[in-house]
Amino acid sequence: MSWWSPARLRLLLVLVIADLLLWLAVSHTDAAASAAPQGARVVAEEKVGDRLVDLTLDSPALGRTAKVRLLTPDGWADRKPGRTWPTLYLLVGGDGNHKAWTEDYDSGIQDLRQLRDVLVVMPEMPLFGFYTDWFNNGRGGPPAVETFHLREMLPLLERGYGAGTRRAAAGESQGGFGALSYAGRHPGLFRAVASYSGFVHPLRHPHAVRAGMTYLGLDWTSLWGDPVEQRANWQAHDPYYLAARLRGTPVHLSSGDGTAGVLDPPGTPADPDIPGLEDPAEPFPEDAISPTETLMERESRAVAARLSALGAPVTTHFYAGTHSPAYWAREFHRSLPMLLKSLRR
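Analysis parameters
Residues numbered from 1 in each chain as written. Predicted model: local features only at pLDDT ≥ 70, side-chain atom pairs only at ≥ 80, totals over all residues. Heavy atoms only, no water. Helix = DSSP H or I, 4+ residues; strand = E, 2+ residues; numbered from the N terminus. Polar contact = N/O pair within 3.5 Å; in protein donor to acceptor, adjacent residues only side chain to side chain. Contact = heavy atoms within 4.5 Å. Phe/Tyr/Trp six-rings, centres within 6.5 Å; stacked < 30°, edge-to-face > 60°. Buried < 20%, exposed > 50% of the residue type's maximum accessible area, 1.4 Å probe, protein only. Lys NZ or Arg CZ within 6 Å of the ring centre and 35° of its normal.

Draft legend 1. Structural view of the side chain of Ser254. For Ser254, the location among the structural elements is in strand β8 (residues 251–256). For Ser254, the side chain forms a polar contact with the side chain of Glu331, separated by 3.5 Å. Excluding residues within four positions of it along the chain, Ser254 makes contact with Ser195, Tyr196, Ser197, Gly198, Ser300, His317, Phe318, Tyr319 and Glu331.

In structure tokens:
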């Protein structure tokens with residue numbers, strides 16, 4: 001069969017149309033974010049610890065106030081107008097708790113000398129917000145999480161709180177998705193990104209999105225719509241399909257396999273049973289006690305393979321372990337040299 005046979009021409013046409021739809025979806029959401037309502041402002045500032053400051057932002061994108069925690073660098077309290085620092089954005093998982101990286105993960109970030117000359121930003125996210133401007137059956141509107149983070153919070157921090165334009169991002173679970181999705185949707189925004197147990201390929205497991213959101217009493221199609229009817233919108237946010245836009249950004253991916261690992265105490269209980277989490281066509285291993293982490297490993301490996309095939313600068317660490325903070329703190333320390341190198345070059 002010749003290369004220009006009707007069958008191959010049809011295949012080529014399908015691929016071109018798929019790429020065009022993805023480009024249009026990403027461009028549409030970028031334009032929508034740029035046109036987002038203005039008026040976000042800082043309404044409160046509270047010192048909550050040595051070098052720790054909590055900001056309260058009034059956010060039109062979320063339709064409410066939201067918190068952002070800062071781990072401030074040396075000299076920040078006495079900064080002069082225009083003084084900035086390299087900025088590391090640390091993103092949290094589905095519960096959206098802005099305190100998690102300093103209170104729940106035992107990461108020790110407050111004591112790291114490597115972060116004395118870096119501003120660390122830890123923003124809140126709505127429950128299961130998935131770092132996304134929600135589809136809401138085509139209506140849009142709150143919660144517009146991406147708009148809150150990138151069109152409201154980020155400019156405010158860069159205008160008045162010392163955040164610089166040398167940026168890196170890292171996160172756990174949905175936070176890992178957020179780091180890669182934001183970087184892919186906005187090339188050049190971050191100099192490097194890292195994902196720890198990240199939900200980085202949701203279109204591979206739409207049933208897991210459905211199961212998790214239904215378990216929490218949320219309408220799962222409000223996020224990106226139906227994965228068949230609104231497939232282009234899912235792809236426009238999914239790091240696997242944004243891989244080509246990540247080729248210039250160093251990426252680190254890590255995840256456990258869902259079995260008990262060295263940081264899981266003896267007798268670690270299994271994850272809660274979430275109906276519909278398992279795909280019968282891709283069952284969980286019999287010894288998996290953290291099925292969520294098994295899914296995260298499968299997604300992280302798929303994205304890593306895609307990035308490698310494109311020649312992108314990707315590093316990985318896969319291990320036995322569960323979906324738990326002890327591993328996220330360890331993997332943060334493991335990837336920190338790469339993140340800091342990007343900020344200081």
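Draft legend 2. Seen up close, the packing of aromatic side chains. Evaluated as defined, the whole model comprises 15 aromatic pairs. Seen in terms of ring centroids, Phe177 and Trp224 are 5.8 Å apart; in terms of plane orientation they differ by 50°. Their pairing is tilted. Taken together, the positions of Phe177 in helix α4 (residues 174–185) and Trp224 in helix α6 (residues 221–224) put the pair 47 residues apart, joining distant regions of the chain. Classification of Phe177 by relative accessible area gives buried; the value is 0%. Among the aromatic residues, ring-to-ring pairing joins Phe128, Phe130, Phe177, Phe199, Trp220, Trp224 and Trp234 into one connected group. The ring centre of Trp76 lies 4.0 Å from the NZ or CZ of Arg79, which sits over that ring.

Draft legend 3. Structural view of the environment of Gly212. Among the structural elements, Gly212 can be located in helix α5 (residues 206–215). On a C-alpha basis, the gap between Gly212 and Leu277 in space is 7.4 Å, while along the polypeptide they are 65 residues apart. Those residues in contact with Gly212 that sit more than four places away from it in its chain are Phe128 and Ile274.

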